[in-house]
Every structure is written in C-alpha cells, then in structure tokens.
Amino acid sequence: MALNVLDRLVDYYHENKISHVYLVETNNVELCLEDLKKIVKQIFCASKYQENCTECNICNLIDQNYLPSLAIIEPDGSTIKKEQILELKRNFSTVPIYTKDNIYIIKNAEAMTQSSANTMLKFLEEPEEHIMGFFITSNLNNVIPTIRSRCEVIKAMYDVHELNIDSVFDDSNSEFLNIAMTYLEKLEVEKKDSIMYNRSILLGKISAREDIKKLFQIILIIYEEFLKNSLNLPSKYQKFAKNNFLSSYNRKALLKRVNLVAQFLEDISSNVNLELLLDKFVIDLGDVDE
Ligand SMILES: [Zn+2]
C-alpha cells in the first residue's frame with residue numbers, strides 16, 4: 001500500500017465522507033490500480049474482508065475483472081476514446097448489481113481526449129447517487145483541466161523510501177536526523193527568513209545531491225510518523241512523535257506536507273537545479289496551510 005492515504009478511503013466511505021470523484025496522482029499506476037481494487041473489495045466484501053479474500057463472490061468477481069458494477073477503463077491504443085465513456089455511461093445508467101454503488105476507475109486519465117473528457121463532464125457535474133469515480137494519472141498537469149478541477153486530488157506514492165525506517169532513528173543517521181529536525185524546526189516554528197535556512201542550515205553542511213535526497217527521505221519519514229500518530233495508527237516512534245512541535249498539526253496539514261516532500265523526492269531525481277528546488281520547497285511549505 002502507498003502511504004496511508006488510500007487506506008483512509010474505506011473509512012471515509014463508511015463515514016459518508018467520501019468524495020464522489022478522486023483524481024489520484026501516483027508514481028506507479030499499476031500498483032495504484034491494484035490498491036484501488038483492494039479498496040473496492042474492502043468496502044463491498046460480502047464477508048468480513050481479509051487480505052486476499054476468496055470467500056465471497058464480490059471479491060472473486062473483482063479479481064476476475066468481472067464485477068458488473070466496477071468498470072476499469074484504460075486507453076484503447078494511445079487514448080481513452082469517447083465511445084469508451086459512452087459505454088460506461090450506458091452501463092451505469094441502471095442501478096448497480098451486487099454492490100451498493102457503481103464504481104469506475106479511469107486508468108491513465110491523461111490519455112483522455114477532449115471529446116471523451118467532454119462526455120465525461122456531465123457525469124462529474126451532476127453526480128448521481130451511487131456512483132464513485134477514480135482517475136489515475138502519473139502527472140496531474142497532463143490531465144485536461146475541466147476534469148482535474150472537478151476532482152478531489154490525492155497522491156499515492158510508492159517506493160520513495162530507499163531508507164529503512166528503523167535506520168533513520170539509530171546512531172548511523174543521527175547527524176542527518178539532527179539536521180533534518182533543526183531545518184524543520186526553523187521552517188515550521190520560526191518561519192521568518194525561510195529561504196535563508198537552505199543556505200545557513202543545509203547547503204553549508206551537506207551539498208551533494210545524494211545527501212540532500214537522503215535528508216528529504218528522512219524528512220518524509222518524520223512527517224509520516226506524525227501523520228500516523230494523528231490517525232491513531234501504530235507509529236514506531238510514538239514517543240518521538242508526541243514530544244515535538246509537529247504534534248499540533250492535524251491530519252490534513254500533515255498529509256499536505258507528506259505530499260510536498262514526496263514531490264520533492266520525485267523532482268530531485270530529475271536534473272533540476274538543487275538550490276532552486278530547495279527554495280521552491282520552502283516557499284510551497286510556507287503556503288501549505290493557507
Ligand atoms: Zn470478500
């Protein structure tokens with residue numbers, strides 16, 4: 001599973017807090033699709049859901065891609081065509097069979113053409129009861145804006161950790177952990193002169209791209225630990241998470257930070273200018289609670 005973002009959807013569903021359509025940006029479209037199918041199983045499983053449920057008809061049908069109320073649409077050739085969306089609408093014009101809701105998942109949403117997007121819009125503008133939708137994309141910016149603007153955007157990032165979580169908190173990484181905490185404290189508590197901290201705290205001590213990357217992997221883990229804590233999930237570093245300035249942030253604020261750092265780690269892998277990237281991070285972090 002990617003972080004805990006997708007996991008929460010099951011709870012949101014039962015709490016009636018789920019949005020009717022999500023746009024999920026991910027660095028692994030295939031895994032994300034599998035996770036979304038798992039979520040559909042967890043919501044609708046006819047027995048008590050367990051990983052790899054083989055007990056019930058619904059989970060079995062989902063595994064075989066044969067559940068009538070779950071439509072998974074992927075590009076036909078290089079694009080998702082208008083006809084595919086029309087067929088979806090036809091199939092979902094009747095009440096769902098087997099499950100309470102009809103669910104569609106559009107894989108590679110950036111492959112939607114203008115006309116398939118236009119056909120989709122009515123679906124999105126007049127949300128019918130008992131229809132849930134998910135668009136999956138590897139790049140938010142390539143999704144047609146009229147679609148994007150009507151979705152709740154979430155991120156599902158995979159395998160960004162090259163660090164073992166336990167090693168982050170042991171002696172071998174104490175120097176990095178200290179720098180990370182000092183940096184975060186300056187950014188989150190003091191806040192003024194934020195961009196200067198990139199030079200005074202980070203680049204003075206570590207400047208190699210690989211080291212900055214490692215530092216941000218540690219920062220990601222720190223934010224995730226606080227996020228777990230705020231969700232009352234078991235966090236290995238409960239104590240660490242409780243005695244700290246980040247404890248006051250709520251789930252939403254922490255989730256935004258997790259997303260921001262995950263984005264940073266994606267960006268740093270491409271050959272962008274390191275100082276500019278760090279400055280962008282600091283500026284985005286400053287804006288994140290507004
Ligand atoms: Zn089941």
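Residues numbered from 1 in each chain as written. Predicted model: local features only at pLDDT ≥ 70, side-chain atom pairs only at ≥ 80, totals over all residues. Heavy atoms only, no water.

Structural notes on the overall build of the protein
Check the secondary structure of the protein and you find 13 helices and five strands. In summary, the protein has a C-alpha radius of gyration of 21 Å against a globular reference of 19 Å for 290 residues, a match within 12%. Its C-alpha atoms give the protein principal-axis dimensions of roughly 60 × 40 × 30 Å. Long-range pairs, those at least 24 residues apart, make up 74% of the contacts in the protein between residues at least 6 apart in sequence. Total accessible area on the protein is roughly 14,500 Å²; 48% of this is exposed by carbon and sulfur atoms. (Helix = DSSP H or I, 4+ residues; strand = E, 2+ residues; numbered from the N terminus. Rg over C-alpha atoms; globule rule 2.2 N^0.38 Å. Contact = heavy atoms within 4.5 Å. Areas by Shrake-Rupley, 256 points an atom, 1.4 Å probe, with all protein chains shown as cover.)

Examining the domain arrangement of the protein
Interface size is commonly expressed as the accessible area that is lost once the parts come together. Here the domain parsing of the protein yields domain 1 (8-156) and domain 2 (165-287). Each of domain 1 and domain 2 has a C-alpha centre, and these two points are 32 Å apart. On the domain 2 side, the residues contacting the five residues of domain 1 number five residues. Carbon and sulfur atoms supply 38% of the area buried between domain 1 and domain 2, which totals about 450 Å² over both sides. Taken together, the connections running from domain 1 to domain 2 amount to zero salt bridges. At the junction of domain 1 and domain 2, the tally comes to two residue pairs in polar contact (both at pLDDT 80 or more). (Domains from an automatic or database assignment. Buried area = accessible area lost by both parts, 1.4 Å probe. Salt bridge = Lys/Arg side-chain N within 4 Å of Asp/Glu carboxyl O. Polar contact = N/O pair within 3.5 Å; in protein donor to acceptor, adjacent residues only side chain to side chain.)

Considerations on the packing of helix H8 (residues 174-190) against helix H10 (residues 209-230)
Their axes nearest at 9 Å, the elements H8 and H10 cross at an angle of 65 degrees. Taken together, the axes of H8 and H10 are roughly perpendicular relative to one another. Crossing handedness for the pair H8 and H10: right-handed. Across the interface between the two elements, Phe176, Leu177, Ile179, Ala180, Met181, Tyr183, Leu184 and Glu188 from H8 touch Asp211, Lys214, Leu215, Phe216, Ile218, Ile219, Ile222 and Tyr223 from H10. Tallied by class, the residues present in the contact of H8 with H10 amount to 13 nonpolar, no polar and three charged. (Axes fitted to C-alpha atoms, helices over the stretch in contact; angles between N-to-C directions. Parallel < 35°, antiparallel > 145°, perpendicular 65-115°, else oblique. Left-handed = near helix turned anticlockwise from the far one by under 90°. Nonpolar A, V, L, I, M, F, W, Y, C, P; charged D, E, K, R; others polar.)

Section: the coordination of the zinc ion
Bound to the zinc ion are the protein donor atoms Cys45 (SG), Cys53 (SG), Cys56 (SG) and Cys59 (SG), situated 2.3 Å from the metal. Around the zinc ion sit four donor atoms; with metal-centred angles ranging over 101 to 116 degrees, the donor geometry is tetrahedral. Sequence positions of the donors to the zinc ion reduce to the motif C-x7-C-x2-C-x2-C. You'll find Cys53 and Cys59 in the same group, each marked buried. (Donors = N, O, S within 2.8 Å, 3.2 Å for Na, K, Ca; no water. Tetrahedral: all angles 85-135°; square planar, octahedral: opposite > 155°, others 65-115°. Buried < 20%, exposed > 50% of the residue type's maximum accessible area, 1.4 Å probe, protein only.)

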